[in-house]
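# A structural walkthrough
Chain by chain, the residues run as shown.
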Amino acid sequence: MKSLNCQKMKPLILWYIDQSLDPVQAQAVEHHLRVCNDCKLYADEFRTMYGKLGSIPSVTVSPVFHAKALQKLKSLPTQKVYGYTSSPIWNYARWAGAAAVMLLAIVLFVQNRDNVSPTKQTDKTMPAKSSPVNINVPIKAKQKLVQKQESMTQAVVVPTSIPKTEVKIQAESKGNEIDNKESVKEVVEQKTVVTETTVNNTKETEEKAVQKLIDKGIPQDTAQRTVDNAIVKGYSVNKLNEIVANPQKTTVRLSQKKGEMNQGDVFKFEEAAPNPFTPNGDNVNDKIFFKYQNPHGVKVEIRIYDFTDTLVKTIVPTDDTKPSWDGTNDNDTLSEGGIYVYVLKVEETVIKGTIILAK
Amino acid sequence: MVDTQNIVSFDELAEKHGNQILNLAYRLTGHYADAEDIAQEVLVKAFKNYAQFKQGTNLSAWLYKITINVYRDYRRYNTRRKTAAHVSLDEVNSNGQVQVPLANDTGNSEQILENEQQNKMLMQTLNKLETKHKVVVVLRVMEHKSYEEISEILGCPVGTVKSRMFYACETLRKMMKKSGNI
């Protein structure tokens, strides 16, 4: 056996004195003890300690031991021996109590949840299905984008004044975000029985509505398109009358192109370009321009948010300048590269879209 | 309560194993009255749960296991009460209330007194060890159990037992050296 240093030898010395070493190891320890005085002293201390511990005398049971043990056996279930309770019945009771408390907590939680959920459901006037989106953006940003698109779709397409009508909305966004070629297709279906008379039923009503719109100064093709749109969407006669009475506010529809909306012919958003843009000072695509038609000069406000919903910049376009964003925040510091959301607010209408800032 | 196939008489259990259990409890506690209490409870528990004992296995090891579990409860209870297990070898005799019936009670009175004093010091030192270390020392040095038997009683590997043994002995050696006992 290789010679070991004294530190490693210590346990072996103990087990040598303990007589639990195999003969080869025992021989190696004996050899080491012959040459190392420190370890010999160490071993002697162990021997003395062993001797003393082993000298503690044995005891025998007292004459009353047996009788007392029998008495304890008869007084089962065993209760206080050292002053603590060891009854199994008490243990069961504690477990049962804990289980009851847990159960009560679960019941209260479920009841509470049930009370809250109907309120939430009534808030949602129209159920909307999630839209499958295939964009090359991070997952978090993608989810936010989808949520924003859904909320926009609900706000714009679905008129809240349609009573007793279920409208199913399916929005699909496909294509590449960078190329800005994706489109949103709105399919509005009337599913349940419509209790009110719809525009489809009367051609006269349709003609009258078109005529009324023309009378109010709306061009004929726009008036015809507005009424056709109402027919496609299955609007009621009352709703159509509302549109006719107030054409500028109510004839809002989502156009075929994503992010592009019309408010009659009053305001028309075209695009935000170039997207992506590169504000790096090379005079190439340094700004993103928001292009829209605003013949009546209604107030427009553009807000830029990052994907954590933090407001980055507020842009209020003036008549003589093209609204644009140069990638800076309100403190004129250049923002980090990434995905941003623009919110274009025109009176009560909100138009949203995404911007990619690349450096 | 007791399986008919595993019937054992309480008297038989107490007769055969009473002293063995009492000795282990006494060496663990250093207090005769507490050791008797522990031994009685061990016998009651063993009798009550005798059906759980696997026939053909080591009954002695099973009883040792129960004794150690009861001792753990006892020590925990005493620690909670802040009255650490008191060593009463000297105390009991000097008060004359309980005479500890020693198995090998021989020699003159002076020698006995000196031994008792020494034993008291030893038990006090031993009591400073953690339960898991103390149990190993008692089983190995005082009860002369092999490491394999200790491993079976404690339900842990032999290596763990040996490691605990070394740690406990090293701690004890240092404490005894410090107090001038070795």
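Computed from a prediction, not measured in an experiment: that's the story for all the values here. (Residues numbered from 1 in each chain as written. Chains lettered and ligands numbered in written order. Predicted model: local features only at pLDDT ≥ 70, side-chain atom pairs only at ≥ 80, totals over all residues. Heavy atoms only, no water.)

### Focus: the overall build of chain A
Broken down by element type, chain A carries 10 helices and 11 strands. Within chain A, buried positions represent 39% of all 359 residues. (Helix = DSSP H or I, 4+ residues; strand = E, 2+ residues; numbered from the N terminus. Buried < 20%, exposed > 50% of the residue type's maximum accessible area, 1.4 Å probe, protein only.)

### Topic: the overall build of chain B
Per the secondary structure count, chain B includes eight helices and zero strands. Starting at the N terminus and walking to the C terminus, you meet the elements of chain B as α-α-α-α-α-α-α-α. Relative to all contacts within chain B whose residues are 6 or more apart in sequence, the contacts with residues 24 or more apart total 68%. Of the roughly 8900 Å² that chain B leaves accessible, carbon and sulfur atoms contribute 47%. (Contact = heavy atoms within 4.5 Å. Areas by Shrake-Rupley, 256 points an atom, 1.4 Å probe, with all protein chains shown as cover.)

### A look at the nonpolar core
Ile-13 and Leu-53 of chain A together with Leu-126, Val-137 and Met-165 of chain B are the most contacted members of the largest nonpolar core, which totals 77 residues. With 10 residues, helix α3 (residues 59–80) of chain B is the single largest residue contributor to this core. When residues of this core are assigned to domains, at least three fall in each of domain 1 (1–85) and domain 2 (127–182) of chain B. Excluding residues within four positions of it along the chain, Met-165 of chain B makes contact with Leu-14 and Tyr-50 of chain A together with Val-136, Val-137, Arg-140, Val-141 and Tyr-147 of chain B. Formed by 22 residues, the second largest nonpolar core is a distinct cluster that contains Phe-269, Phe-277, Phe-290 and Ile-355 of chain A. (Core = buried A, V, L, I, M, F, W, Y, C linked by side-chain atoms within 4.5 Å. Domains from an automatic or database assignment.)

### Concerning the pattern of salt bridges
Across all of its chains, the model carries 14 salt bridges over all chains by this definition. A salt bridge links Lys-177 of chain B to Glu-45 of chain A; its shortest N-O distance comes to 3.0 Å. Here Lys-177 of chain B, found in helix α8 (residues 158–178), pairs with Glu-45 of chain A, found in helix α3 (residues 37–54), and the two come from separate chains. Among the residues examined, Lys-177 of chain B registers a relative accessible area of 45% and is labelled partly exposed. Between Glu-143 of chain B and Arg-27 of chain B there is a salt bridge whose closest N-O contact spans 2.8 Å. Remark: Arg-27 of chain B occurs in helix α1 (residues 10–29) and Glu-143 of chain B occurs in the loop between α6 (131–142) and α7 (147–154); sequence separation between them is 116 residues. Pair check on accessibility: Glu-143 of chain B and Arg-27 of chain B agree, each one buried. (Salt bridge = Lys/Arg side-chain N within 4 Å of Asp/Glu carboxyl O.)

### Structural notes on the sheet that holds strand β11 (residues 349–357) of chain A
Residues and elements named next belong to chain A. Strand order in the open sheet made by the four strands is β8-β7-β10-β11, with antiparallel pairing throughout. This sheet does not close on itself; its edge strands, each paired only once, are β8 (311–315) and β11. Looking at each pair of strands side by side, their axes are set apart by 20 degrees on average, direction ignored. Pairing between strand β7 (residues 300–306) and strand β10 (residues 338–346): seven bridges, direction antiparallel. Each residue of the ladder has a partner; that of Ile-304, found in β10, is Tyr-342. (Pairing = 2+ DSSP bridges. Axes fitted to C-alpha atoms, helices over the stretch in contact; angles between N-to-C directions.)

### Here we look at α7 of chain B
Residues and elements named next belong to chain B. Those residues of α7 lying buried are Tyr-147, Ile-150, Ser-151 and Ile-153. On an axial view of α7, the arc spanned by its buried residues comes to 165 degrees, and they lie on one face. A positive phi of about 70 degrees marks Gly-155, the residue just after α7. (Arc of directions from axis to C-beta.)

### Topic: helix α2 (residues 23–35) of chain A
Residues and elements named next belong to chain A. Helix length check: α2, at 13 residues, gives a terminal C-alpha distance of 19 Å against a target of 18 Å (1.5 Å per residue), a fit within 8%. All of the buried residues in α2 are Ala-26, Ala-28, Val-29, His-32 and Leu-33. Buried residues in α2, looked at end-on, bunch into an arc of 160 degrees, giving them a common side. Exposed residues lying more than 90 degrees from the buried face of α2 are Pro-23, Val-24, Gln-27, Arg-34 and Val-35. (Expected span 1.5 Å × (residues − 1).)

### Overview of the interface of chain B and chain A
Contact residues are listed per partner, giving 51 residues for chain B and 36 residues for chain A. Between chain B and chain A lies a buried interface of about 4300 Å² when both sides are counted; carbon and sulfur atoms form 65% of it. Between Arg-173 of chain B and Glu-45 of chain A there is a salt bridge whose closest N-O contact spans 2.4 Å. At the junction of chain B and chain A, the tally comes to 15 residue pairs in polar contact (both at pLDDT 80 or more). Elements that contribute at least two residues to the side of chain B that touches chain A include exactly α1, α2 (32–48), α3, α5 (109–127), α6 and α8 of chain B. Considering each element in turn, the side of chain B that touches chain A owes the most residues, 12 residues, to α2 of chain B. Among the residues forming the side of chain B that touches chain A, the class breakdown is 30 nonpolar, eight polar and 13 charged. (Buried area = accessible area lost by both parts, 1.4 Å probe. Polar contact = N/O pair within 3.5 Å; in protein donor to acceptor, adjacent residues only side chain to side chain. Nonpolar A, V, L, I, M, F, W, Y, C, P; charged D, E, K, R; others polar.)

### Considerations on the environment of Gly-155 of chain B
Counting through the fold element by element, Gly-155 of chain B comes out in the loop between α7 and α8. Between the C-alpha atom of Gly-155 of chain B and that of Lys-65 of chain B, which follows or precedes it by 90 residues, the distance is 8.9 Å.

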